[in-house]
Amino acid sequence: DQVAAGADLGFRADSSALVLVARRGDTLHLFDGIECRPEDGRPLSLEETFDSFRRILTARRCGYVLADQHFRDAMYEALGKHDIAVAPAQQTPADRYVRARVLLRGQKVKIHALGFRERLMRQLREVHGKPTSGGGMSIQHPRWATGGHGDIADAFVLALWQFGGDTVSANKPVIGTPEWDEALRDQRRREFLAERQERATDWRVRYGLR
């Protein structure tokens, strides 16, 4: 599976949310994530929040997360120590939500039974688009009295955004060019590694180590 992660950060009035989506075949699965919510008027700990994110990303072998600008530098510093890249989100939130809506309406997304599923569904239902004077659209979330401001929904659409484009095959390199030589070396390297892995597996099975 190809896995993508989106994050939305808030530490006082809002939650910090991490959402992981995997593509299997033609379906996108929201299969893991976490919502960290401040309680009793106490802000979230940046260290504890980012450590929770790190554990999930590492367990799911996802080394890349897309995030908005809020607190992104702090997350970049915290997760970068563990070889997890933090990339800036695309700067037009309305485009992300439009793409998410297209995928949802096309029944391309399955939201699994996670602890924050109902909160996510409510946030998605409450999203409003408001026309702007420049002809664009701004995305608005109602603020809940119990805390929350579309945090999980924002993380969710950031994860989906990474799967919404069309896949375009790369042009094949011309035979005899340096690019062709490099592609040939890569192919031979992959075949060698696959053969070595297969031999190691056979050896473990033969001697009862697997």
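Look up a bit, the structure's there.
Summary of the structure given here. Quick caveat, the model's predicted, so the values are computed rather than measured.

### Overview of the sheet that holds strand 5 (residues 85-88)
One open sheet accounts for 6 strands, arranged 5-4-1-2-3-6; its pairing is mixed. Each edge of the open sheet is held by one strand with a lone partner, namely strand 5 and strand 6 (109-111). Strand-to-strand, the axes of this sheet are offset by a mean angle of 30°, without reference to chain direction. Looking at chain direction, strand 3 (residues 27-36) and strand 6 are connected through 3 bridges and run parallel. Across the sheet, residue His29 finds its bridge partner in strand 6, namely Lys110.

### Brief notes about the pattern of salt bridges
In total, this model carries 9 salt bridges according to the counting rule given. Arg60 serves as the salt-bridge partner of Asp32, at 2.7 Å between the closest nitrogen and oxygen. Residue Asp32 is located in strand 3, and its partner Arg60 is located in the loop between helix 1 (46-59) and strand 4 (64-67); the two are separated by 28 residues in the primary sequence. By relative accessible area, which is 15% here, Asp32 ends up buried. We note a salt bridge from Arg96 to Asp68, for which the minimum N-O separation is 3.1 Å. On the criterion of sequence distance, the pair formed by Arg96 in helix 3 (residues 93-105) and Asp68 in the loop between strand 4 and helix 2 (72-80) is long-range, its members being 28 residues apart. By sharing partners, the salt bridges in this structure join Asp51, Arg54 and Arg55 into a single network.

### A look at helix 4 (residues 117-125)
Listing the buried residues of helix 4 in full gives Arg119, Leu120 and Gln123. End-on, the buried residues of helix 4 take up no more than an arc of 100°, which puts them together on one face. Residues of helix 4 that are exposed and angled more than 90 degrees away from the buried face: Glu118 and Arg125. Packing partners of the buried residues in helix 4 comprise strand 3, strand 6 and helix 5 (151-161).

Cut-offs used in this document
Residues numbered from 1 in each chain as written. Predicted model: local features only at pLDDT ≥ 70, side-chain atom pairs only at ≥ 80, totals over all residues. Heavy atoms only, no water. Pairing = 2+ DSSP bridges. Helix = DSSP H or I, 4+ residues; strand = E, 2+ residues; numbered from the N terminus. Axes fitted to C-alpha atoms, helices over the stretch in contact; angles between N-to-C directions. Salt bridge = Lys/Arg side-chain N within 4 Å of Asp/Glu carboxyl O. Buried < 20%, exposed > 50% of the residue type's maximum accessible area, 1.4 Å probe, protein only. Arc of directions from axis to C-beta. Contact = heavy atoms within 4.5 Å.

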